[in-house]
Each structure stands twice: as structure tokens, then as C-alpha cells.
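# Fold and contact review
In case you want the letters, here they are:
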Amino acid sequence: ADAAADAHASTTMSNIKIDNVPEHQRGELLQEIEKMQMHNSSKTYNQMVEHCFNDCIKTFRSSTLSDQESKCVNSCAEKFIKLGRRAGYRYQEHQYSGAAAAAPKSS
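### Looking at the nonpolar core
Met-48, Cys-52, Cys-56, Ile-57, Cys-76 and Ala-77 together form the largest nonpolar core, which totals 6 residues. Elements represented by at least two residues in this core include exactly α2 (23–56) and α3 (67–102). Among the elements that line this core, the one with the most residues is α2, at 3 residues. Not counting residues within four places of it along the chain, the set of residues in contact with Ala-77 comprises Met-48 and Cys-52.

Here it is as C-alpha cells:
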């Protein structure tokens, strides 16, 4: 339910045209958007840490990571970041194609 609410909030905020917001409310809106972006970034980071930890760390015999665990964590984090970047690009492409389709055609 949280993820759906975050996705809806993200979509709603990304569709707001700043020019349509009264001048006296723009600063507050931008602060709210920044706060939401920070929340989403923190949430994504925490999900990555949890996912990679659960996949890569199998024992607690040492206070440091083994070479195998370290390689696994690095690989996992890199894949997670690349996946997030790719999803972001795809989302932008989708938004752009939707905007282009909705734009009035010139004769």
C-alpha cells in the first residue's frame, strides 16, 4: 500500500506544471517536492541495502566482509543502481511519448 501511495504521489507531483501554481505557493510546492524526493531516495537506498544484505551476507563469523561477500554486495548494489537508472529512463520515455501523443497536431 505504501509503494502504491508513493507511486501515485510521484506521478501526481511530476504532472504539475509549475507555471500553473500561483507565485506565492511555488516555494512551498518546490520544498514539498524536494522532501518527497529525499524520502523516495532514502527508501530506495534502504531497500537496496536490505536486498543486498539478505542476498549476500550468510554468516556473522567475522566483523568484516569476506572477499566473496564484498564482491556480492558490490555487484548487487551496482545492479540495483543500474536497474533504477534504467527504470527512470523508461519512465521518462513513457512520459515524453504520452506528452507527444497528447500534443495538438499542427496542420
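### As for the state of the cysteines
Tallied over the entire structure, the rule returns 2 disulfides. Across a sulfur-sulfur distance of 2.1 Å, Cys-52 and Cys-76 are joined as a disulfide pair. The sign of the -90° torsion about the S-S bond sets the Cys-52-Cys-76 disulfide as left-handed. Separated by 24 residues along the polypeptide, Cys-52 in helix α2 and Cys-76 in helix α3 bring together distant segments of the chain. Note on accessibility: Cys-52 and Cys-76 belong to one class, buried. Along the protein, the cysteines that take part in disulfide bonds pair up as 1-4, 2-3, counted in sequence order.

### Comments concerning the environment of Ile-57
Inspection of the secondary structure puts Ile-57 in the loop between α2 and α3. What makes Ile-57 buried here is its relative accessible area of 12%. On a C-alpha basis, the gap between Ile-57 and Val-73 in space is 8.3 Å, while along the polypeptide they are 16 residues apart. What Ile-57 contacts, discounting residues up to four positions off in sequence, is Cys-52, Leu-65, Glu-69 and Val-73.

### Considerations on the confidence of the model for the protein
For the protein, the mean per-residue pLDDT works out to 82, and 80% of the residues sit at or above 70. When the elements of the protein are averaged for pLDDT, helix α1 (residues 2–14) gives the smallest value, 47, and α2 the largest, 92. Contacts of residues 1–12 to residues separated by more than four positions or lying in other chains number 9 contacts, the stretch itself having pLDDT below 50.

### Re the side chain of Glu-69
Within the secondary structure, Glu-69 is located in helix α3. In this structure Glu-69 is buried but unpaired, with Arg-61 as the nearest side chain of opposite charge at 8.2 Å. Once you skip the residues sitting within four places of it in the chain, Glu-69 turns out to touch Cys-56, Ile-57, Lys-58, Thr-59 and Thr-64.

### Examining the packing of aromatic side chains
Here the structure, examined in full by the defined rule, presents 1 aromatic pair. A centroid spacing of 6.0 Å and a plane angle of 35° characterise the contact between Phe-53 and Phe-60, whose relative ring orientation is tilted. When its relative accessible area of 38% is taken as the criterion, Phe-53 is described as partly exposed. Given the relative accessible area of 65%, Phe-60 is considered exposed.

So, how was this worked out
- Per chain, residues are indexed from 1 in the order of the written sequence.
- It should be noted that, the model being predicted, local features are given only for residues of pLDDT at least 70 and side-chain atom pairs only at 80 or more, the latter also being counted only at that level, while totals for whole chains, interfaces and linings use all residues.
- The basis for the side-chain values is all heavy atoms of the structure; hydrogens and waters are excluded.
- Here the nonpolar core consists of buried residues drawn from Ala, Val, Leu, Ile, Met, Phe, Trp, Tyr and Cys, with membership extended through side-chain atoms lying within 4.5 Å.
- Whether a residue is buried, partly exposed or exposed follows from its accessible area with a 1.4 Å probe, protein chains only, as a fraction of its type maximum: under 20%, in between, or over 50%, in that order.
- Strands are runs of DSSP state E lasting at least two residues, helices are runs of H or I lasting at least four, and both sets are numbered from the N terminus onward.
- It only takes one pair of heavy atoms within 4.5 Å for two residues to be counted as in contact.
- Our working definition of a disulfide is a cysteine sulfur pair at a distance within 2.5 Å.
- Scored between 0 and 100, pLDDT is the confidence that the predictor attaches to each residue.
- For the purpose of counting charges, residues Lys and Arg are taken to be positive, whereas Asp and Glu are taken to be negative. His and the chain ends are not included.
- For this document, the term salt bridge refers to a Lys or Arg side-chain nitrogen within 4 Å of an Asp or Glu carboxyl oxygen.
- Each pair of aromatic rings taken from Phe, Tyr and Trp, with Trp reduced to its six-membered ring, is defined by centres within 6.5 Å and is described as stacked if the planes are under 30 degrees apart, edge-to-face if over 60, and tilted in the remaining cases.

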